[in-house]
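The primary structure of each chain is shown beneath.
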Amino acid sequence: MFRAINPQPRPASRACSCRQQMLSAHIPNSKHRRTASITQAASGSSSSSKSGASYGIFVISASPVCAEAVAVAGADWICLDAQHGAVGYETLNQMLGCTAAYPAKRIVRVGGPDDRYGIQQALDLGAEGVMVPLVNSRADAEQAVSYCRFPPDGQRSVAYPVRAVYRKG
């Protein structure tokens, strides 16, 4: 089992600031909106609570062991990349399962606003949120949000048993 050697809060770095600028640059008329969603998902984590910054990592490997190592190391959030990474349904299920016991928030990057199956599968398997790339219009954003919500507010289907029900009730 891995343990963080020095669990002191990490200082904000220039790289973090550049990453926030890069993420927010893709959203017209929304300063830091995408970055804020990740930060909000990680609120309450140990290192983000004092400085306001959250620290995480994208996992593009299809290895549940790598995902768990990141969770154990003390990241505030983990983004499992199902868009560019080699992560399929079965692997995503294993990765979300093996990281569930740790405080890191689990975000899944899906294929885009029209990836209904990917969005629903990530949430059903227990992800705390999804990162939806390629949102270029209000209609794209509304479509992606509708796949996250159950009727009458959205189009997400219900399937039992799923990990999301066990964890969140």
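That block above? That's the structure.
This section reports on the structure supplied with the text. (Residues numbered from 1 in each chain as written. Predicted model: local features only at pLDDT ≥ 70, side-chain atom pairs only at ≥ 80, totals over all residues. Heavy atoms only, no water.)

Some details on the pairing of strand 2 (residues 77–81)
For strand 2, a buried count of five out of five residues is recorded, marking the element as mostly surrounded by other parts of the structure. Where burial is concerned, the two faces of strand 2 agree: the one with Trp77, Cys79 and Asp81 and the one with Ile78 and Leu80 are both buried. For strand 1 (residues 56–59) and strand 2, the ladder comprises four bridges, and the chain directions are parallel. By the bridge assignment for strand 2, phenylalanine 58 is matched with cysteine 79. Strand direction decides the pairing type here: strand 2 and strand 3 (residues 105–109), joined by five bridges, are parallel. Note on strand 3: the bridge partner recorded for tryptophan 77 is lysine 105. Where the polypeptide runs from strand 2 across helix 5 (residues 89–99) and back to strand 3, its parallel neighbour, the crossover connection is right-handed. (Buried < 20%, exposed > 50% of the residue type's maximum accessible area, 1.4 Å probe, protein only. Helix = DSSP H or I, 4+ residues; strand = E, 2+ residues; numbered from the N terminus. Pairing = 2+ DSSP bridges. Right-handed = clockwise from strand over helix to strand, strands pointing away.)

Regarding the packing of aromatic side chains
With the rule as written, the count across this model stands at one aromatic pair. For the ring pair phenylalanine 58 and tryptophan 77, a centre distance of 6.0 Å and an interplane angle of 85° mean the geometry is edge-to-face. A residue pair is termed long-range when its members are at least 10 positions apart, and phenylalanine 58 in strand 1 and tryptophan 77 in strand 2 qualify at 19 residues. For tryptophan 77, a relative accessible area of 10% corresponds to the buried category. (Phe/Tyr/Trp six-rings, centres within 6.5 Å; stacked < 30°, edge-to-face > 60°.)

Remarks on the sheet that holds strand 1
Reading across the sheet, the four strands line up as 1-2-3-4 and stay open at both edges, with parallel pairing between neighbours. One side of each edge strand has no neighbouring strand; the edge strands of this open sheet are strand 1 and strand 4 (129–131). The mean inter-strand angle of the sheet, taken between neighbouring strand axes irrespective of direction, is 25°. Sitting on the sheet, helix 4 (residues 64–72) is in contact with strand 1 and strand 2, with an inclination near 165° to strand 2. Taken strand by strand, helix 5 contacts strand 1, strand 2 and strand 3, and its axis lies near 165° from that of strand 3. (Axes fitted to C-alpha atoms, helices over the stretch in contact; angles between N-to-C directions. Contact = heavy atoms within 4.5 Å.)

Thoughts on the packing of helix 5 against helix 6 (residues 116–124)
Put simply, helix 5 and helix 6 touch, their axes get as near as 10 Å, and they point 30° apart. When the interaxial angle is binned, helix 5 and helix 6 end up roughly parallel. By crossing handedness, the relation of helix 5 to helix 6 is classed as right-handed. Every residue of helix 6 that contacts helix 5 at Tyr89, Leu92 and Leu96 is listed here: Tyr117, Gln121 and Ala122. Its residues assigned to classes, the contact of helix 5 with helix 6 comprises five nonpolar, one polar and no charged. (Parallel < 35°, antiparallel > 145°, perpendicular 65-115°, else oblique. Left-handed = near helix turned anticlockwise from the far one by under 90°. Nonpolar A, V, L, I, M, F, W, Y, C, P; charged D, E, K, R; others polar.)

With respect to the environment of glycine 97
As for its position among the elements, glycine 97 is in helix 5. Its relative accessible area of 33% is what places glycine 97 among the partly exposed residues. The sequence separation of glycine 97 and glycine 126 amounts to 29 residues, and the corresponding C-alpha distance is 7.9 Å.

Some thoughts on unusual backbone geometry
Geometrically, the link from proline 151 to proline 152 is a cis peptide bond, its omega value of 10° lying close to zero. Structurally, the position occupied by proline 152 is in the loop between helix 7 (138–148) and helix 8 (163–168). The backbone of leucine 134 shows a phi angle near 65°, a positive value even though the residue is not glycine. Topologically, leucine 134 is positioned in the loop between strand 4 and helix 7. Given the relative accessible area of 53%, leucine 134 is considered exposed.

Quick look at helix 4
Every buried residue of helix 4 is accounted for by Ala67, Val70, Ala71 and Val72. As for helix 4, its buried residues are in contact with strand 1, strand 2 and helix 5. Among the residues trailing helix 4, glycine 74 stands out with phi positive, at a value near 105°.

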